[in-house]
Amino acid sequence: MSDSSTRHELSKRYDPSGIESRIYRRWVERNAFHVEADRAQDPYVIAIPPPNVTAALHMGHGLNNTIQDVLIRFQRMKGRDAMWIPGTDHAGIATQNVVERELAGEGLSRDDLGREAFVERVWGWVDQYGSTIIEQLKTMGCSCDWDRTRFTLDEGLSRAVREVFVRLYEKGLIYRGNYIINWCPRCQTALANEEAEHRDVEGKLYHIRYPLTDEPEAWITVATTRPETMLGDTAVAVHPEDARNRELVGREVDLPLAGRRLRIIADEYVDPEFASGFVKVTPAHDPNDFEIGRRHGLDEISVMHGDGTINDLAPAAYRGLDRREARHRVVEDLKSLGLLERIEDHLHAVGHCYRCATEVEPRLSLQWFVRMAPLAEPALKAYREGRLRFHPERFGNTYEHWMTNVRDWCISRQLWWGHRIPVWYCQECGEVLVAREEPAECRACGRAVEQDPDVLDTWFSSWLWPFSTLGWPDRTADLDTFYPTTTLSTAPEILFFWVARMVMAGLEFMDDLPFTDVLLHGTVRDARGRRMSKSLGNGIDPLEVVELFGADAMRHTLVNAAALGTDLQLDNEDLEGAFRVGRNFTNKMWNAVRFTLPYLAAEDLRRPPDRASLELTDRWILSRFATAAASVTDALERFRLHDAAETAYQFVWSEFCDWYLELVKGRLRGESGEESRLSAATSLAYVVDGWLRLLHPIMPFITEELACHLPGRSDDDTLLFGPWPEPPASLHDAEAEQALDELRELTNLVRNLRSEYGVDPARKIDVIVANASPGLGLALETEEAGALRLAGLAALAATDAIPQGEPGAHAVMRSGSEIFLPLRDVVDLERERARLAVEIEKLELQLDQARKRLDDRTFTERAPDAVVERERDKRRSLEERYARLREKRAAFAEAD
RNA sequence: GGGGCCUUAGCUCAGCUGGCUAGAGCGCUACGUUGACAUCGUAGAGGUCACUGGUUCGAGUCCAGUAGGCCCCACCA
């Protein structure tokens with residue numbers, strides 16, 4: 001690679017376009033993200049939550065994948081074999097819906113094509129668009145091991161799915177049966193419990209009279225929210241202890257409209273306090289009624305087709321009506337029969353399909369299920385024993401609750417797109433064959449067999465993701481090396497769908513947790529606090545953000561806004577505003593490095609300069625850098641990415657740029673001699689290299705680009721593999737920090753006074769310092785020139801005592817050092833006296849507080865010594881400043 | 001019905017194990033084109049940390065309750 005690509009003058013503004021794609025290409029060309037199993041000594045592994053193949057990148061992806069990339073890059077720089085497995089999910093219903101919609105545009109349905117052609121069509125779609133999101137992840141800078149990209153429906157993963165199905169079946173953990181499941185009448189498939197989203201709906205509660213068979217003038221009243229299901233009633237139930245109603249148990253009622261006789265039965269399920277205490281029992285259309293029905297051996301009459309229309313088991317008048325129309329008709333008919341007692345408003349939760357939001361229909365049907373309790377037990381144990389950790393911790397409660405109340409998982413879907421259920425039925429003898437490979441014939445009778453037409457829930461493949469992607473069920477080197485993975489980062493809403501199930505599968509099939517730490521990030525919201533969504537049209541397109549401000553700016557903004565466990569808000573109507581912080585920061589970094597480049601010593605950037613040869617300011621920035629680096633490292637290790645971003649930002653901007661660069665400018669130009677220049681140049685080089693590394697996980701492009709320009713570096717060098725900055729503890733320098741703190745305080749005080757008295761910024765003024773503390777003395781000894789420049793001073797003089805009563809502005813520092821600006825032309829005596837009075841008053845308040853505390857015996861006795869000592873220091877400092885300021889004021893009074 | 005979270009500056013939010021004068025960014029005010037950066041610099045205004053009580057030498061931080069907002073789970077029709 002030649003130098004020509006990057007070795008040019010840096011532009012005045014940072015322009016990420018061009019740079020980012022060039023850098024990414026360079027990484028890919030050297031195959032930098034790939035890790036070979038046989039060379040991985042210390043693996044750190046993340047399996048990406050595979051986005052749906054139908055997906056286009058949204059901010060939720062942006063956030064989650066930034067988080068993962070930060071973690072991966074951090075660990076890679078620390079020297080670990082960081083491997084990030086990418087891939088996509090075939091997303092059964094979602095993808096099938098997309099292609100069906102496409103077909104609908106051509107006036108076709110999937111039935112027009114037939115199963116085979118339809119599936120082929122979906123594959124075609126996947127081939128064409130399925131890698132869109134993968135490409136978009138690259139634009140964001142994600143450092144996935146692209147060689148390992150997997151798809152939940154590829155050959156290897158399909159084999160894993162069949163293997164798992166067969167094993168669970170043989171273990172008795174998969175069964176088939178007729179149960180009430182959640183049915184989406186639009187998608188026309190079964191759903192898992194988790195796939196039905198409960199939402200409150202304003203409904204009605206209908207009170208309906210069922211006449212007693214042997215006493216036609218008398219009736220009982222049942223209450224229902226779904227009158228149309230009465231067509232499938234097969235009993236009426238009361239609570240066995242219900243004093244009001246229990247003598248009716250055993251009698252019969254005439255079911256209106258359907259003309260069927262129903263027995264009144266007693267069942268504990270019924271709440272005797274609710275409404276009249278009678279419940280109509282519809283075993284085929286309600287999960288509770290189903291249970292009652294099984295307990296009492298009731299008929300299960302399903303009165304609906306899969307599409308939600310009434311079927312032939314209902315009276316002719318209702319056949320073919322949609323469930324809504326049927327409800328209306330039933331209510332009207334009951335009204336005209338005088339059997340509708342009343343209708344009340346009723347708020348209740350109704351399940352909705354998580355893919356198309358259609359109201360779910362509880363429906364009796366023959367499906368395949370996984371018995372979950374035996375799988376949940378070890379998964380729960382792992383959490384309780386602390387082997388599985390959640391960040392933030394509170395999600396552990398949610399996990400525990402779900403695990404302890406887990407219900408069997410309906411895994412069959414009446415779709416065409418997905419893993420075909422590996423079960424074959426003999427048409428002759430009814431034999432059921434569950435097999436890894438398609439059987440040629442029935443093992444019982446030798447006749448032809450036919451495969452179950454259904455496919456598996458898409459999560460039935462994703463729950464195997466952490467090991468199926470590594471080659472399982474084969475015992476591969478990848479599997480040995482990279483399983484278990486380390487961290488999982490995802491959105492809390494798929495805790496049950498995916499995270500919990502992966503834990504179960506990992507423990508069941510690999511005998512080990514799939515990961516040890518689960519990081520659950522917040523939700524991205526719009527300016528009004530609403531969740532960003534396609535339907536609301538309030539999303540922000542990450543690609544547009546990258547285009548406008550660069551991936552680094554976006555990543556920084558996202559990480560910076562996403563404190564652990566909190567949602568983040570981004571203004572979708574003001575992109576510029578939303579990403580300003582990150583964008584401005586990239587520009588700041590760019591210019592900071594651009595400025596330093598000509599001055600950097602071409603020493604070994606990675607070796608901290610020897611302290612003995614350094615000047616105070618250099619020792620100070622090295623000390624600050626050591627603190628920042630330790631704190632960023634700690635934050636990243638604890639998944640507190642936000643803190644890491646914040647710390648690095650403050651260090652670079654507020655300490656490095658605002659103070660260090662400003663202070664050393666003159667020295668870098670050689671104004672203080674060669675030795676001084678060298679001290680600054682070597683320190684600068686070490687610190688710049690260091691903070692570029694600290695920021696690389698969050699902002700990989702700009703840091704990589706800038707690092708290439710450092711002396712002795714070329715395009716062939718990269719920050720990818722570290723080393724991660726681990727400055728020696730010896731860089732911590734209390735003396736330098738103390739001195740520079742005082743220097744900064746002095747500068748701030750002078751600036752403040754200048755501003756208050758409206759001194760022309762261009763005007764150089766003098767300052768007199770008296771009673772300088774050792775720290776300030778030390779600072780001025782070496783940094784006088786810097787202080788003069790930053791405070792806009794012409795000269796700085798030290799004396800033993802400030803001239804008494806002379807017109808000018810006064811201040812006293814925390815250390816007790818005094819400052820005097822002899823500004824006889826601008827300082828108004830009256831005003832200065834008033835200003836001092838205000839200062840004195842403020843000090844008095846603080847002093848009172850400190851004294852009160854220290855006078856309190858319980859405080860001095862019970863608080864830790866260190867706290868008490870600090871308080872004493874504070875009082876001492878306050879007393880000193882107080883005394884000095886009062887002197888000033890007194891002097892003014894005399895002078896007047 | 002159960003569980004969890006939130007309420008801190010005009011706005012968006014930090015503040016982890018309780019301890020110096022509660023922070024950041026944006027916005028606002030005043031001033032500034034001193035050769036890194038106007039995507040900038042300097043200074044400043046702005047907070048009874050929702051409310052009430054408790055624990056403690058000490059509470060934004062811990063506990064209880066109140067009010068408001070949000071989320072998850074749940075088979076009372």
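See above for the structure.
## Quick look at the packing of helix α17 (residues 551-561) against helix α21 (residues 641-668)
Then comes step 1: At a closest axis distance of 7 Å, the pairing of α17 and α21 adopts a crossing angle of 120°. Here α17 and α21 pass one another in a crossing that is left-handed. Contact residues: H556, V559 and N560 in α17; L641, H642, A645, E646 and Y649 in α21.
Then comes step 2: Looking at the contact of α17 with α21, its residues break down into four nonpolar, three polar and one charged.

## Thoughts on the pairing of strand β22 (residues 487-490)
Then comes step 1: Burial along β22 is two-sided: T487 and S489 and L488 and T490, pointing in opposite directions, are all buried.
Then comes step 2: Pairing of β22 with strand β23 (residues 517-520) involves four bridges; the strand directions are parallel. Looking at the pairing, T490 lines up with L520 of β23.
Then comes step 3: This β-α-β element, β22 to helix α15 (residues 495-510) to β23, shows right-handed connectivity.

## Topic: the packing of α17 against helix α23 (residues 700-709)
Then comes step 1: Viewed as axis vectors pointing N to C, α17 and α23 meet at an angle of 125°, and their least axial separation amounts to 7 Å. Our classification of the angle between α17 and α23 gives oblique. Here α17 contributes A551, D552 and R555 to the contact with α23, which in turn contributes P700, F701 and I702.
Then comes step 2: Looking at the contact of α17 with α23 residue by residue, the classes come out as four nonpolar, no polar and two charged.

## Some words on the side chain of T487
Then comes step 1: Tracing the backbone through its elements, the reader meets T487 in strand β22.
Then comes step 2: Here Y44 takes part through its side chain, which lies 2.9 Å from a polar atom of the side chain of T487.
Then comes step 3: Each residue touching T487, except ones within four places of it in the same chain, is listed here: Y44, V45, I46, A47, L71, F515, D517 and F639.

## Some points on the nonpolar core
Then comes step 1: By size, the foremost hydrophobic cluster in this structure holds 204 residues, and its most contacted members are M59, F165, F460, W463, F579, F656 and W691.
Then comes step 2: A total of 15 residues in this core trace back to one element, the largest contributor, which is α21.
Then comes step 3: Core analysis: the next-biggest nonpolar cluster, separate from the first, contains 30 residues, M230, I264, L321 and V330 among them.

## Description of the pattern of salt bridges
Then comes step 1: This model, assessed by the stated rule, comprises 80 salt bridges.
Then comes step 2: Between E861 and R857 there is a salt bridge whose closest N-O contact spans 3.1 Å. Note that E861 and R857 are positioned in helix α27 (residues 857-862) at a spacing of four residues, about one turn of the helix.
Then comes step 3: With a relative accessible area of 53%, E861 lands in the exposed category.

## A few points about helix α1 (residues 19-29)
Then comes step 1: Within α1, burial applies to I19, E20, R22, I23, Y24, R26 and W27.
Then comes step 2: Summarising the contacts, the buried residues of α1 are in contact with α2 (59-77), α6 (132-139), α16 (542-549), α17, α19 (580-596) and α23.
Then comes step 3: Looking at the residues trailing α1, positive phi occurs at N31, about 55°.

## What to know about the protein's contact with RNA strand B
Then comes step 1: The local shell around RNA strand B holds 60 residues, among which F274, N288, R638, R862 and K874 are the closest.
Then comes step 2: Within 4 Å of the protein, the contacting atoms of RNA strand B are 62% sugar and phosphate, with bases supplying the remainder.
Then comes step 3: Between RNA strand B and N591 there is a distance of 2.7 Å, counted from a sugar or linking oxygen to a side-chain nitrogen or oxygen.
Then comes step 4: Residue assignment for the surface near RNA strand B shows that the elements contributing at least two residues are β8 (215-224), β13 (340-353), α19, α21, α24 (734-756), α26 (829-855), α27 and α28 (865-895).

The rules behind each value
Residues numbered from 1 in each chain as written. Chains lettered and ligands numbered in written order. Predicted model: local features only at pLDDT ≥ 70, side-chain atom pairs only at ≥ 80, totals over all residues. Heavy atoms only, no water. Axes fitted to C-alpha atoms, helices over the stretch in contact; angles between N-to-C directions. Helix = DSSP H or I, 4+ residues; strand = E, 2+ residues; numbered from the N terminus. Left-handed = near helix turned anticlockwise from the far one by under 90°. Contact = heavy atoms within 4.5 Å. Nonpolar A, V, L, I, M, F, W, Y, C, P; charged D, E, K, R; others polar. Buried < 20%, exposed > 50% of the residue type's maximum accessible area, 1.4 Å probe, protein only. Pairing = 2+ DSSP bridges. Right-handed = clockwise from strand over helix to strand, strands pointing away. Parallel < 35°, antiparallel > 145°, perpendicular 65-115°, else oblique. Polar contact = N/O pair within 3.5 Å; in protein donor to acceptor, adjacent residues only side chain to side chain. Core = buried A, V, L, I, M, F, W, Y, C linked by side-chain atoms within 4.5 Å. Salt bridge = Lys/Arg side-chain N within 4 Å of Asp/Glu carboxyl O. Near = heavy atom within 4 Å.

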